[in-house]
Each structure stands twice: as C-alpha cells, then as structure tokens.
Amino acid sequence: MLLATISLGGCSSPGPASGSAKDKAPIDHANWPAEVPTSGLVKGLELPLESYLPSYADQVVVDIALRTLQTRCMFEYGLTVDLPRPGVNPPPSSNALSIERRYGLSDRAQAQKYGYGLPKELTRSLESVEEGLSGIEVEVLTGRKKPEFAPPKGAKGGVGYFGRVPEPARAEHNGKKLHEDGCDGWSKRQLKVNEEDEGFVSGLASTSLSESRPLKPVEKALKSWSACMKGKGRKAADPYRAMEQGYADGDGTTKNAIELALDDIDCKKQTRLIEVWFKEESAIQKRLIEENKDQLTAVKKRMSEVLVAAKAVK
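Remember, it's a predicted structure, so these values are computed and weren't measured experimentally.

Summing up its helical and strand segments, the chain has 11 helices and two strands in all. Counted from the first residue to the last, the chain has its helices and strands arranged as α-α-α-α-β-β-α-α-α-α-α-α-α. Looking at the chain residue by residue over its 314 residues, the buried ones come to 44%. Look at the contacts in the chain between residues 6 or more apart in sequence, and 79% of them connect residues 24 or more apart.

What the rule picks out here adds up to three aromatic pairs. Taking 4.9 Å as the distance between ring centres and 75 degrees as the angle between the ring planes, the aromatic pair formed by W32 and Y56 counts as edge-to-face. Within this pair, whereas W32 is found in the segment before α1 (56-76), its partner Y56 is found in helix α1, the two being separated by 24 residues in sequence. Just as W32 is buried, Y56 falls in that class too. Grouping aromatic residues by their ring pairs yields a cluster made of Y103, Y240 and W277. Over the aromatic face of Y77 sits the side chain of K176, whose NZ or CZ is 5.5 Å from the ring centroid. Of note, K300 hangs over the ring of Y52, and the distance from its end group to the ring centre comes to 4.5 Å.

The next subject is the environment of S93. Along the polypeptide, S93 turns up in the loop between α1 and α2 (99-102). Along the chain, S93 and Y56 lie 37 residues apart, while their C-alpha atoms are 8.5 Å from each other.

Phi is positive for K192, which is not a glycine, with a value near 60 degrees. Along the chain, K192 falls in the loop between α5 (182-190) and α6 (195-212). Located in the positive-phi region is R272, a residue other than glycine, with phi close to 60 degrees. Here R272 falls in the partly exposed class, since its relative accessible area comes to 45%.

Moving on: the packing of helix α7 (residues 216-231) against helix α9 (residues 255-271). Look at α7 against α9: their axes get within 9 Å of each other, and the N-to-C directions meet at 135 degrees. For the element pair α7 / α9, the angle class is oblique. The crossing of α7 and α9 is right-handed. Contacts from A221, S224, W225, C228 and M229 in α7 reach L260, D263, D264, C267, K268, Q270 and T271 in α9. Tallied by class, the residues present in the contact of α7 with α9 amount to six nonpolar, three polar and three charged.

What follows concerns the nonpolar core. By size, the foremost hydrophobic cluster in this structure holds 40 residues, and its most contacted members are L49, Y103, L105, Y116, V201, W225 and L296. For this core, the element with the highest residue contribution is α9, accounting for seven residues. With residues near it in sequence (within four places) discarded, V201 still touches L49, Y52, L53, L296 and V299. Among the nonpolar cores identified, the runner-up in size contains 15 residues, and Y77, V81, L141 and C183 belong to it.

Right, let's get into the environment of K216. Inspection of the secondary structure assignment puts K216 in helix α7. The spacing of K216 and E280 is 64 residues in sequence and 9.7 Å in space, taken between C-alpha atoms.

Let us look at the packing of α1 against α5. How two helices pack is summed up by the angle between their axes together with the distance between the axes. Between α1 and α5, the shortest axis-to-axis distance is 9 Å and the interhelical angle comes to 130 degrees. Taken together, the axes of α1 and α5 are oblique relative to one another. Seen along the crossing, α1 lies across α5 with a hand that is right-handed. Of the residues in α5, those in contact with L66, L69, Q70, C73 and M74 of α1 are C183, D184, S187, K188 and Q190. Per-class residue counts for the contact of α1 with α5 are five nonpolar, three polar and two charged.

With that settled, the discussion passes to the side chain of E139. Tracing the backbone through its elements, the reader meets E139 in helix α4 (residues 135-142). Beyond its immediate chain neighbours, meaning those up to four positions away, E139 contacts R144, K145, A169, R170 and L178.

So, about α5. Most of α5 sits inside the fold, with seven of its nine residues counted as buried. Residues of α5 that are buried: G182, C183, D184, G185, W186, S187 and K188. Where α5 is buried, its residues contact α1, α4 and α6. With its phi angle positive at about 60 degrees, K192 sits one or two positions after the end of α5.

Applying the stated rule across the entire model yields 22 salt bridges. In this structure, E281 engages R102 in a salt bridge whose closest nitrogen and oxygen atoms are separated by 2.7 Å. Linking E281 in helix α10 (residues 273-291) with R102 in helix α2, this pair joins segments that are 179 residues apart in sequence. A residue is classified by how much of its surface remains accessible, and E281, at 0% relative accessible area, is buried. In this structure R102 comes out as buried when scored by relative accessible area, which is 11%. Residue E195 pairs with K188 through a salt bridge whose shortest N-O separation is 3.0 Å. A relative accessible area of 10% places K188 in the buried class.

Each value, and the rule that gives it
- Position labels on residues start from 1 in each chain and follow its written sequence.
- Only residues with pLDDT of at least 70 are given local features in this predicted model, and only at 80 or more are side-chain atom pairs given and counted; all residues enter the totals for whole chains, interfaces and linings.
- Water and hydrogen atoms play no part in the side-chain values, which are based on all heavy atoms of the structure.
- Only DSSP runs of H or I reaching four residues or more are called helices, and only runs of E reaching two or more are called strands; each is numbered from the N terminus.
- Burial status follows relative accessibility: with a 1.4 Å probe on protein chains alone, a residue under 20% of its type maximum counts as buried, one over 50% as exposed, and anything between as partly exposed.
- Residues count as neighbours in contact if any of their non-hydrogen atoms are within 4.5 Å of one another.
- When two rings of Phe, Tyr or Trp (its six-membered ring) have centres within 6.5 Å they constitute a pair, described as stacked for plane angles under 30 degrees, edge-to-face for angles over 60, and tilted for the intermediate range.
- Note on criteria: charge over ring means Lys NZ or Arg CZ within 6 Å of the ring centre, with the direction from the centre no more than 35 degrees off the ring normal.
- Only the contacting stretch of a helix is used when fitting its axis, a line to C-alpha atoms as for every element, and angles between N-to-C directions run 0 to 180 degrees.
- Each angle is binned into one of four classes, with values under 35 degrees roughly parallel, values over 145 roughly antiparallel, values of 65 to 115 roughly perpendicular, and all other values oblique.
- Handedness of each helix crossing follows the sense of rotation of the near helix against the far helix: counterclockwise by less than a right angle gives left-handed, clockwise gives right-handed.
- Three residue categories are used. Nonpolar comprises Ala, Val, Leu, Ile, Met, Phe, Trp, Tyr, Cys and Pro, charged comprises Asp, Glu, Lys and Arg, and polar comprises the others, including Gly.
- Only buried residues count toward a nonpolar core. Its members are Ala, Val, Leu, Ile, Met, Phe, Trp, Tyr and Cys residues joined through side-chain atoms within 4.5 Å.
- Put simply, a salt bridge is a Lys or Arg side-chain nitrogen that is within 4 Å of an Asp or Glu carboxyl oxygen.

The analysis is restricted to geometry; functional conclusions fall outside its scope.
Structure follows, in structure tokens:
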C-alpha cells in the first residue's frame, strides 16, 4: 500500500499551514504512474478489490491534509520541520495491489533497462521520512524514539531501519504532553483514518493470491512457464524464484539479471501465465467481495468520508 510514513498529523491551532515555498508549488503529475497499467503484460488489468483501496491520487490528497495538520502540531511543540511533500516522489505503481509485479515482472521495456530493479527516481517514495529528522522530532512525530537506520557491520544496506523495535517516546516536550502515537497518530484521528480497513482489504487480497496459486489452470501455466525457462537454460519453479535469482548478485540490474528478466517475461507472454493467473484470482476476489459485502461497503464509505475531511483541511 501507499507509504504511511509520508502521512502527517497535528493540531488545528495557529502555526505554519505547510512547509517551505516549494510545498506551495503545484505538484507535477507528469511522472505519476497510471491508475491502470498502460503497457506490458498487465496492460488494462485491474483486480476487483482495487475499488476498496484508495487510488494514488486520492491518497496524496489525504497525505497532504495529514501533513498540514502535523506540521501545525509539531509547531506547537516548538518544532519546525520541512518534510518531503506527498505526490512529489510517486511510487512505482499507482494501484494499491501492485499488479505490475504481483505475478513477477510484466513490462519488457522496463526489464530491458533495469532488469528486476527499479530506476532510482521510483524508489524515493520508499525512503523513510524519519531518517532525516532529529531524535526529538521523531518522538513528537511518532510517539516513539528514533529507530536505528545504520545497517549492522557486514550487512547490505536497504530501505528501512535495523536493530531493535524503537522504544516509546518521552512523555512530554517543552511542557506539553505528547499525543498518543505522536502528531502522526493524532492527525489520523482527526480525519478518522481507519488503518484497519486497509489491513482488512489487503488481507483479502493476500488470500486471493494464495488461493489462486494452486488452482489447476495456474499450476498448468506455471509448469509451462518453467518448461519455457528451462528451454532457455534457466531453472526456476515460478516467477518469484526467478526474481530471487535476479537479486542474488546485487540490486537486480546486472547484465545477468537483465537477461534473466527478459527470458522471464518472454516465457510469461508465450505461456499466457499472467492472463491465466489474473483471471483465476479475479474470480476468487469477486467471491470474497460477495462474502464480505457488508464490511467492504463500510470500508468504501469510510474511505469516502476521509477524503471529504481531507479536502476540507486548509
């Protein structure tokens, strides 16, 4: 799902409505990914459960509102922060279920350039906001101490933090008690963001993927794909194993990884693997939607209400 670390919160009292001047400039939508893929083997494909998760555009609206609130909240503690603006560094895909890589790689043109990796400009959305903040800023923001971002000696770097789970933050700062879960948690409560909703829908999507994997049409397509790969001198039981191989000797963009990625996608096209898998998973999702109709209707209603509340934040 879209990054929660960009989501910001806070108070309604006087203070900066946004960050620096660059935050007031219009967001360039030119580099935003399409909501439904426009290229590759998943062109035009959208899973049924997508409609119960916010689009990237709607999520940006919510995140900007949360950021505005949080900036004001931090200001009340005597802290002025300048955090990355939502929408400036978009994720690799706009759809919440990441259809582009749900069944492994799907875009040959991108694989020819980057193999299993991604261009750097598409990984900026994965960078943690907290890494660039001071310890006290993280505490006021999140309600916990700043995590350790430096990897252990000898370990490979990557997105995220390392070490133990961060400890709870101090009780107050500048004579003011910290909000539960910091300004971030407080702001989400102001917009009535229900984070369990996303977890519920994502859980259903996880179920549909796992249930579709052993179905006969998918199994048959996977065996055909594996046989195709074997004919190219490759050994992989499924596209996920191929992806693991692609990352085995680096960031997935090596010459060997690119060649493997192209074989992977060519075999998907030849065997219609993605087409078959998508069809089977879509059928499962439709069944799950019917079985959870009342809960999903409530999820969509709350999602709409949060968006309305976000648009009202100035």
